Amino acid sequence: MSKRKRLVWQIFPPMLVVTMIAVMGTFFLASKITRQFYIEQITTNLKVRARLVRSDIQADFRAGQGDLQRRSRQMAVLSQARVTLIKANGEVRADSDKNPADMDNHAHRPEVAIALTGNPGTSMRFSHTLGKNMIYVALPVFTTDNRLSPVFGVVRLAIPFIFVNQVLDMMYWQNFFAAFIMLVIAAIVTLFVSRKLSKPLEDMGRTARQYSRLDFSHKINFPDGGYSIEVAELADTINSMAMELYRRIDTVTKQKNELEAVFKSMIEGVLVVDNRGRLVRANDTALKIFNLPSNYHPGAITESIRNVDLSRFIREILSGGYVREQDLVLYLAGGERHFHLSGTPIRDGSNKTGAMVVLNDITRTKKLENIRREFVANVSHELKTPITSINGFVETLLDGALENSLEAKHFLEIIHRQARRLDAIINDLLKLSRIEREDDMGAVELHHQDLLPVLNNCLEMCAVAAREKGIKLILDGGPGITALINQNLMEQAVTNLVVNAIKYSSEGGEVRIKSWQDERQIQIAVSDNGCGIAREHLSRLFERFYRSDKARSRKLGGTGLGLAIVKHIVKAHGGEVKVKSRSGRGSTFTIILPDTPLRPIS
Ligand SMILES: Nc1ncnc2c1ncn2[C@@H]1O[C@H](COP(=O)(O)OP(=O)(O)OP(=O)(O)O)[C@@H](O)[C@H]1O
Ligand SMILES: [Mg+2]
């Protein structure tokens, strides 16, 4: 574990040690002073008693009268001390506690030696006579009352030191007890103060840890009183920092979510790679394009997406560091798809951190472009054939064929036919573009009307052609079907289908026009039992100039635009046209119209 300590344990023990040293120092000093003071008091007291004893006994001592031994005992009782009378030569004259005869010469006892010089002497020492520690006070007794006279002897008072020690011990223990109480109080106060200092810091630490986990549900909250200004200011600062952090994170999260939504919903595929060319992000469209799982493992782009051109494109952006664009063809499960790639290096300050590639699916545009190109080529080709023919015959006429009126008539007839064909093609093209334009602008006028007259008109228009080929036209479908249509256009569409049915049927065939209404739609089917169409042509049949059987169609004078016109007319009605056919077994073309009005009747 870390060696860090909690603040309370950093403050409390040193404070406690300092307090302990202070209290113990005070205790020892106080004990020492008390002891000295007490001993001085006792010595002073003993001196006073010694003076009283001296004044009482000195006359008799000097005169050598009376029973000094008895007197000394009396004095000892009165003064509560051992009383000793010592002559100037050190001989003990009387002693309250001992027989003077048993006592040795006292001249060299320190207190006695001082007293013999005429000054009061004190001493604290072991008494060999009594066998215990004693405090001694010795006063000189002068030969006369004049203090300048020679010293006659010494009056000495002594009390046992044990007694003093007992008192001192008692005082010592009292002091010790007081010091101990002080120490306990100091410890409690120190603990309380250090807890009070560390508590708000611990609270702040706890809340700050919550903030670091982005949990902003609680603020650091201190009551107004009780905390220092510094702590309260620190708490306020942390709170405002947290609020600022919360605001910023909120903004960043919102922006991130918005970008994420844009990123996810983009119809363009987006790939993000890091500076080592590893795929780090791909949006849903890109995942779909490259058939990657949504939990793809970020890794080298060459491994995730095995496409040499794309890998090279990304490498070039990473090494070149500038924006690049390129077209890319991918051969995917659904077929060939064309993409326009835009690659941008991603920079972080001055460092290149990766690249972003946007894949724009231009398959449809490419297809439309191809259709347009093909259409122009087809139109040119379709127009060129009759024009070449006309040119050829006019030149032949000019070269002299005019001379031969029979030949000239034949050539002119051919020229006339080709001119009609040109006219038909141009008319059909104009018709088509008009329908397309009106449909785009929503300008095709639709009216609710009965379908039967429309179909009857078609039959009427085709009756001659049918009769010529001995084909039977049958109208199958009851009256009373009302549809939202543009009569002219619908007649044109159905007629085109009936004309085809007649055109591509053998003589004596049968063409049936059937109309019916079911739940949601109205259907008009034109079927024949003619040559039919091979399966491979069916998907392209409604393209302009597409013919399943070119030779036959040309021979029959078709422009190849009839079904394209049908398709656009039906589309302008919000419907669709379908074909069912088998080679040699006849065909059925069905126009399907929605039964609900698409636009309000204008
Ligand atoms: N009922 C049908 N039976 C067999 N083939 C058909 C039938 N209808 C159309 N086709 C085929 O589809 C092709 C396209 O028909 P479409 O009507 O667009 O052109 P077209 O008939 O050749 O010329 P036109 O523009 O004069 O109608 C035809 O060339 C023909 O090969
Ligand atoms: Mg046709």
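The written sequence of each chain sets the order in which its residues are numbered from 1. Just so you know, chain letters begin at A and ligand numbers begin at 1, following the order they were written in. Side-chain atom pairs in this predicted model are given and counted only at pLDDT of 80 or more, local residue features only at pLDDT of at least 70, and totals for whole chains, interfaces and linings cover all residues. Computation of side-chain values covers all heavy atoms of the structure but excludes hydrogens and water.

Participant: Quick question: what am I supposed to make of the pairing of strand β16 (residues 576–581) here?
Facilitator: Side chains on a regular strand alternate between the two faces of the sheet. Along β16, the buried face is formed by Val 577, Val 579 and Ser 581; none of Glu 576, Lys 578 and Lys 580, which line the opposite face, is buried. In short, DSSP must find at least two bridges between two strands for them to pair. A helix here means a DSSP run of H or I that spans at least four residues, while a strand means a run of E at least two residues long, and both kinds are numbered starting from the N terminus. Pairing of β16 with strand β17 (residues 587–594) involves 6 bridges; the strand directions are antiparallel. Each bridged residue has a counterpart across the sheet, and for Val 579 the counterpart in β17 is Phe 589. The antiparallel pairing of β16 with β17 creates a hairpin that spans 5 residues between the two strands, and Gly 584 there sits at a positive phi of about 80°. The buried label goes to any residue with under 20% of its type's maximum accessible area, the exposed label to any with over 50%, and the partly exposed label to all in between, with areas taken from a 1.4 Å probe on protein chains only.

Participant: Please explain the site of ligand 1 as it appears in this structure.
Facilitator: To be near a molecule or strand, a residue needs just one of its heavy atoms within 4 Å of it. Taken together, 22 residues lie near ligand 1, and Asn 500, Ser 548, Ser 553, Thr 559 and Leu 563 sit nearest. In the model, an oxygen atom of ligand 1 is placed 3.0 Å from a nitrogen or oxygen of the Tyr 504 side chain. The definition of a polar contact used here is a pair of N or O atoms within 3.5 Å, where within protein one atom must be able to donate a hydrogen and the other to accept one, and adjacent residues in sequence count solely through side-chain atom pairs. Between ligand 1 and Thr 559 there is a distance of 2.5 Å, counted from an oxygen atom to a side-chain nitrogen or oxygen. Per-residue and other accessible areas were derived by the Shrake-Rupley procedure at a 1.4 Å probe size, with only the shown protein chains allowed to occlude residues. Within the complex, 95% of the 590 Å² of free accessible area of ligand 1 lies under protein. Contributions of two or more residues to the shell around ligand 1 are made by α12 (487–503), α15 (562–572) and β17. In terms of residue count, the dominant contributor to the shell around ligand 1 is α12 (3 residues). Here the term charged refers only to Asp, Glu, Lys and Arg, the term nonpolar to Ala, Val, Leu, Ile, Met, Phe, Trp, Tyr, Cys and Pro, and the term polar to all other amino acids, Gly among them. Classifying every residue of the shell around ligand 1 gives 9 nonpolar, 9 polar and 4 charged.

Participant: Even after reading the chapter, I still don't get the packing of aromatic side chains, so can you show me in this structure?
Facilitator: Note on aromatic pairs: each is described by the distance of the centres and the angle between the planes. Each pair of aromatic rings taken from Phe, Tyr and Trp, with Trp reduced to its six-membered ring, is defined by centres within 6.5 Å and is described as stacked if the planes are under 30 degrees apart, edge-to-face if over 60, and tilted in the remaining cases. Enumeration according to the criterion identifies 12 aromatic pairs in this entry. Between Trp 173 and Phe 176 the ring centres are 5.5 Å apart and the planes differ by 80°, which places this aromatic pair in the edge-to-face class. With Trp 173 and Phe 176 both in helix α4 (residues 161–212), this residue pair falls 3 residues apart, about one helical turn. Of the residues examined, Trp 173 reaches a relative accessible area of 54% and is grouped as exposed. In this structure Phe 176 comes out as partly exposed when scored by relative accessible area, which is 31%.

Participant: Explain the sheet that holds strand β2 (residues 92–95) to me, please; I cannot follow it from the model alone.
Facilitator: In a beta sheet, neighbouring strands are held together by backbone hydrogen bonds and run either parallel or antiparallel to one another. Ordered by their spatial adjacency, 5 strands build an open sheet running β2-β1-β5-β4-β3, and the pairing between neighbours is antiparallel. Two strands bound the open sheet, and with one partner strand each, they are β2 and β3 (121–127). Averaged over neighbouring strand pairs, the angle between their axes works out to 25° when direction is ignored. We call two residues in contact when some of their heavy atoms are within 4.5 Å. Orientation is described by axes fitted as lines to C-alpha atoms, over the contacting stretch for helices, and by angles from 0 to 180 degrees between their N-to-C directions. Helix α1 (residues 7–63) rests against β1 (82–87), β2, β3, β4 (132–142) and β5 (151–160) of the sheet, and its axis sits at about 45° to β4. Against the sheet, helix α2 (residues 68–79) contacts β1, β2 and β5, and its axis sits at roughly 50° relative to β2.

Participant: Whenever I open this one, the pairing of β1 confuses me. Can you help?
Facilitator: With 5 of 6 residues buried, β1 is to be regarded as a mostly interior element. With 6 bridges connecting them, β1 and β5 associate as antiparallel partners. Looking at β5, one finds that Lys 87 is bridged to Gly 153. In this structure, β1 lies alongside β2, joined through 3 bridges in antiparallel fashion. Bridge pairing in β2 links Ile 86 to Val 92.

Participant: For this particular structure, what's the right way to read the domain arrangement of the protein chain?
Facilitator: How big an interface is tends to be stated in terms of the accessible area lost upon association of its parts. The start and end points of each domain follow an automatic or database-based domain assignment. Each domain of the protein chain was delimited in the assignment, giving domain 1 (10–169), domain 2 (214–265), domain 3 (267–359), domain 4 (366–423) and domain 5 (444–594). When each unit is reduced to the centre of its C-alpha atoms, the spacing between domain 1 and domain 5 is 154 Å.

Participant: Which parts of the structure should I look at to understand the environment of Ser 539?
Facilitator: Within the secondary structure, Ser 539 sits in the loop between α13 (535–538) and α14 (550–555). Residue classification places Ser 539 among the exposed positions, given a relative accessible area of 66%. Spatially, the C-alpha atoms of Ser 539 and Ile 314 are 39 Å apart, while their sequence positions differ by 225 residues.

Participant: Help me out: how do you make sense of the nonpolar core in this one?
Facilitator: Residue types Ala, Val, Leu, Ile, Met, Phe, Trp, Tyr and Cys, when buried and joined through side-chain atoms within 4.5 Å, form a set referred to as a nonpolar core. Judged by nonpolar contacts, the single largest core of 51 residues is most densely connected at Val 494, Leu 541 and Ile 591. No other element matches the 8 residues that α12 contributes to this core. Ignoring anything within four residues of it in the chain, the contact list for Val 494 reads Leu 455, Cys 458, Ile 524, Val 526 and Ile 591. With 24 residues, the next largest nonpolar core counts Phe 61, Met 75, Ile 135 and Val 155 among its residues.

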